[in-house]
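One-letter residues, chain by chain:
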Amino acid sequence: DNGLSEADPEVRGIIEREKERQFKSLELIASENFAYRAVMEAVGSCLTNKYSEGLPGKRYYGGNEHIDELETLCQKRALDAFHLDGKKWGVNVQPLSGSPANFEVYTAVLKPHDRLMGLDLSHGGHLSHGFMTPKRRVSGTSIYFESMSYRLNESTGLVDYDKLEEMADRFKPKLIIAGASAYPRDFDYPRMRKIADAVGAFLMMDMAHISGLVAASVLANPFDYCDIVTTTTHKSLRGPRGGMIFFKKDTVLGVDLESAINNAVFPGLQGGPHNHTIGGLAVCLKYAQSPEFKAYQNKVVSNCRALASRLTELGYKLVSGGSDNHLVLVDLRPLGIDGARVEKILDMASITLNKNSVPGDKSAVVPGGIRIGSPAMTTRGFTEKEFIAVADYIHEGVQITIDAKRTVSGSKLQDFMRFVASPEFSQKDRVSD
Ligand code: PLP
């Protein structure tokens with residue numbers, strides 16, 4: 001059997017070019033990271049060849065003795081990484097990604113057209129927490145269930161818990177979802193628990209963005225208050241693309257969460273687990289218990305704070321006024337420009353971030369802000385000093401966007417990009433394929 005270069009030079013070439021792009025650019029997309037090299041090795045292994053429908057010890061195919069050992073190890077490491085007692089909590093490590101994990105939870109605990117509440121997409125929530133326009137139900141969550149979104153208080157930029165309480169009291173959801181894709185602060189779990197209990201709803205946290213920070217105890221622990229916790233595995237956690245569902249080993253509101261969730265994953269919505277992903281996840285969850293991982297997650301937060309304070313010094317308006325986690329959300333509207341243009345200009349200078357709607361935006365098509373995350377460049381060795389420089393280069397990009405006459409060429413920003421591509425730049429976690 002030939003290697004990739006020989007078998008398919010075209011795909012090999014695309015991979016090489018993508019590797020070069022990842023290596024040479026400043027990766028500031030808050031949901032992205034560089035997976036550990038050992039994780040990539042497991043993902044690219046023979047584990048991809050095996051079918052293993054079912055759970056360890058209860059498979060529909062033979063030859064699963066090693067896969068059983070792997071999945072059991074992965075489950076144990078998942079519980080250990082999040083400091084959970086295996087008598088009280090269980091985990092399913094088979095979800096193919098974050099959105100399927102969430103839909104599997106809804107399938108497990110809701111009936112079709114039951115009601116749920118998640119954070120509004122335009123206020124930082126995720127599509128899989130429900131999204132519909134006045135004309136169309138967009139997310140499957142809103143097609144198969146009845147969703148109503150709660151929002152931020154537009155003056156503070158924080159979740160409006162009073163309003164959520166009021167809305168929940170009227171809407172009577174069966175499920176309330178905490179968690180977000182673009183929220184720079186932590187969630188008030190005790191408050192959300194109270195709101196859920198008052199209306200008899202399950203409380204679920206989707207910690208996709210912040211699971212690395214939660215594992216390192218840098219942010220509040222959602223497990224103390226929630227019935228179910230979902231996550232992706234490829235963001236702050238630095239694992240392979242995948243998902244996990246943690247559940248209380250208990251009957252909650254008449255539902256045995258363990259069997260309902262396991263059955264929703266398989267046979268409900270999935271077939272064979274992606275064993276190569278589970279292999280990579282097990283590796284990542286071993287790292288997640290190390291002192292180095294904790295130190296890394298602390299740096300993710302301190303780097304983000306340094307970025308936020310430099311942007312504030314430069315006069316930018318940040319949603320909620322700053323950040324407690326791995327991302328900042330910059331409101332560009334006071335400058336008379338939009339996030340889409342700034343994203344484009346910065347992309348030309350190999351600074352990769354994303355346009356993002358900010359509370360009060362009139363249109364989701366032309367969002368008024370940008371989202372900037374610290375996990376990926378922290379992985380590549382950036383310290384607060386470099387993140388202060390990053391704020392300055394973003395500022396330069398914004399100025400260029402405002403003053404269309406200035407060009408990118410010859411700017412300090414380009415010198416910096418040359419530095420990022422040079423041998424002096426941290427080599428320790430180089431992008432590997
Ligand atoms: N949940 C949250 C909060 C997210 O931010 C994301 C993705 O960014 C997801 C779920 C979905 O994950 P995936 O893209 O793996 O389906």
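Here, every reference points to the structure presented above.
Thresholds, definitions, all that
- Here the residue index of a chain counts from 1 through its sequence in written order.
- Per-residue local features are limited, in this predicted model, to residues with pLDDT of at least 70; the limit for side-chain atom pairs, both in listing and counting, is 80 or more; totals at the level of whole chains, interfaces and linings are taken over all residues.
- Secondary structure follows DSSP: runs of H or I at least 4 residues long count as helices, runs of E at least 2 residues long count as strands, and numbering of each begins at the N terminus.
- For the radius of gyration, the atom set is restricted to C-alpha positions; the globular benchmark scales as 2.2 Å times the number of residues to the power 0.38.
- Remark: C-beta atoms are placed from the backbone, and a residue is labelled buried if 20 or more other C-beta atoms sit within 10 Å of its own, exposed if 12 or fewer do, or partly exposed between those counts.
- For every residue pair, C-beta atoms are placed from the backbone, and the pair is scored as a contact if these atoms sit within 7 Å.
- Being near a molecule or strand means, for a residue, that its C-beta atom, positioned from the backbone, comes within 6 Å of it.
- Residue type decides the class: Asp, Glu, Lys and Arg count as charged, Ala, Val, Leu, Ile, Met, Phe, Trp, Tyr, Cys and Pro as nonpolar, and the leftover types, Gly among them, as polar.
- Strand pairing requires that DSSP identify at least two bridges connecting the strands.
- Axis definition: a line fitted to C-alpha atoms, limited for helices to the stretch in contact. Angles are taken between N-to-C directions and run from 0 to 180 degrees.
- We define the nonpolar core as any set of buried residues of the types Ala, Val, Leu, Ile, Met, Phe, Trp, Tyr and Cys, connected via C-beta atoms lying within 7 Å of each other.
- Reported orientations rely on four angle classes, namely roughly parallel under 35 degrees, roughly antiparallel over 145, roughly perpendicular from 65 to 115, and oblique for the rest.
- Handedness of a helix crossing follows the sense of rotation of the near helix relative to the far helix, less than a right angle counterclockwise being left-handed and clockwise being right-handed.

Draft legend 1. Inspection of the overall build of the protein chain at higher detail. Tallying secondary structure elements over the protein chain gives 16 helices and 17 strands in all. Computed over the C-alpha atoms, the radius of gyration of the protein chain is 22 Å, within 12% of the 22 Å expected from 2.2 N^0.38 for a compact globule of 433 residues. Scored against the burial criterion, the 433 residues of the protein chain give a buried share of 50%. Long-range pairs, those at least 24 residues apart, make up 72% of the contacts in the protein chain between residues at least 6 apart in sequence.

Draft legend 2. Structural detail: the environment of I337. Considering the arrangement of structural elements, one finds I337 in the loop between β14 (327-331) and α13 (339-348). Judged by the 15 C-beta atoms lying within 10 Å of it, I337 is partly exposed. Taking the C-alpha atoms as reference points, I337 and I402, separated by 65 residues in sequence, lie 7.0 Å from one another. If sequence neighbours within four positions are ignored, I337 has contacts with L332, V342, T401 and I402.

Draft legend 3. How the structure looks around the site of the ligand. Every one of the 13 residues lining the ligand counts as a neighbour, but S97, G98, S99, S181 and A208 are closest to it. The residue inventory of the shell around the ligand, partitioned by class, reads two nonpolar, 10 polar and one charged.

Draft legend 4. Expanded view of the sheet that holds strand β17 (residues 369-373). Judged by pairing direction, the sheet is antiparallel, and its four strands sit side by side in the order β13-β14-β17-β16 without closing on themselves. Where the open sheet ends on each side, the last strands, each with one partner, are β13 (317-318) and β16 (354-356). Pairing geometry for β13 and β14, over two bridges, is antiparallel. Looking at the pairing, L318 lines up with V330 of β14. The strands touched by helix α12 (residues 291-313) are β13, β14 and β17; relative to β14, the strand with the most contacts, the crossing angle is about 15°. Strands β16 and β17 of the sheet are contacted by α13, whose axis makes an angle of about 170° with β16.

Draft legend 5. Broad picture of the sheet that holds strand β9 (residues 228-232). Strand order in this open sheet of seven strands is β4-β10-β9-β8-β7-β5-β6, and the pairing throughout is mixed. Pairing within the sheet leaves two strands with one partner each, and these edge strands are β4 (89-92) and β6 (146-150). This sheet shows a mean twist of 20° between the axes of neighbouring strands, independent of strand direction. Pairing analysis gives four bridges linking β4 to strand β10 (residues 243-248), with the strands arranged antiparallel. Bridge assignment links V91 to a residue of β10, and that residue is F246. Packing against the sheet, helix α8 (residues 189-199) makes contact with β7 (175-178) and β8 (202-206), and its axis sits at approximately 170° to β7.

Draft legend 6. Highlighting the nonpolar core. Counting 118 residues, the largest nonpolar core has I176, I228, L307 and V328 as the members making the most contacts within it. Setting aside anything within four residues of it in sequence, one finds I228 in contact with V105, F202, M204, I245, F246, F247 and L257.

Draft legend 7. Examining the environment of G239 more closely. Summarising the element assignment, G239 is placed in the loop between β9 and β10. Given 29 C-beta atoms within a 10 Å radius, G239 is considered buried. C-alpha separation for the pair G239 and D347, spaced 108 residues apart in sequence, amounts to 25 Å. Those residues in contact with G239 that lie beyond four places of it in its chain are A35, V39, T233, H234, G280, L281 and C284.

Draft legend 8. Focus on α13. Among all positions in α13, only G339, V342, E343, I345 and L346 are buried. Next to the buried residues of α13 lie β15 (351-352), β16, β17 and α15 (384-402). The positive-phi residue at the C-terminal boundary of α13 is S350, with phi of around 60°.

Draft legend 9. Up close: the pairing of β17. Extensive coverage of β17 is indicated by the burial of five of its five residues. Bridge count for β14 against β17 is five bridges, and the pairing is antiparallel. Along β17, the bridge assignment pairs L327 with G373. By the bridge criterion, three bridges tie β16 to β17 in an arrangement that is antiparallel. Counted as the bridge partner of N354 is R371 from β17.

Draft legend 10. Representation of the packing of helix α5 (residues 98-109) against helix α10 (residues 257-269) in the model. Remark: α5 packs on α10, axes separated minimally by 8 Å, with the N-to-C direction vectors making an angle of 115°. Taken together, α5 and α10 sit at an angle that is classed as roughly perpendicular. Considering how the two elements wind past one another, α5 and α10 form a crossing that is right-handed. Along its contact with α5, which presents P100, F103, E104, V105, T107, A108 and V109, the element α10 presents A260, I261, A264, V265, G268 and L269. Considered class by class, the residues forming the contact of α5 with α10 number 10 nonpolar, two polar and one charged.

Draft legend 11. Structural detail: the environment of E71. Among the secondary structure elements, E71 is positioned in helix α4 (residues 65-81). Discounting residues that sit within four places of it in the chain, E71 has contacts with P56, V93 and I278.

Draft legend 12. Quick peek at unusual backbone geometry. Residue P267 is reached from F266 by a cis peptide bond, and omega for that bond is 10°. Of note, P267 is situated in helix α10. Even without glycine at this site, S217 takes up a positive phi of about 55°. Within the secondary structure, S217 sits in the loop between α9 (211-215) and β9. For S320, which is not glycine, the phi dihedral falls at a positive 75°.

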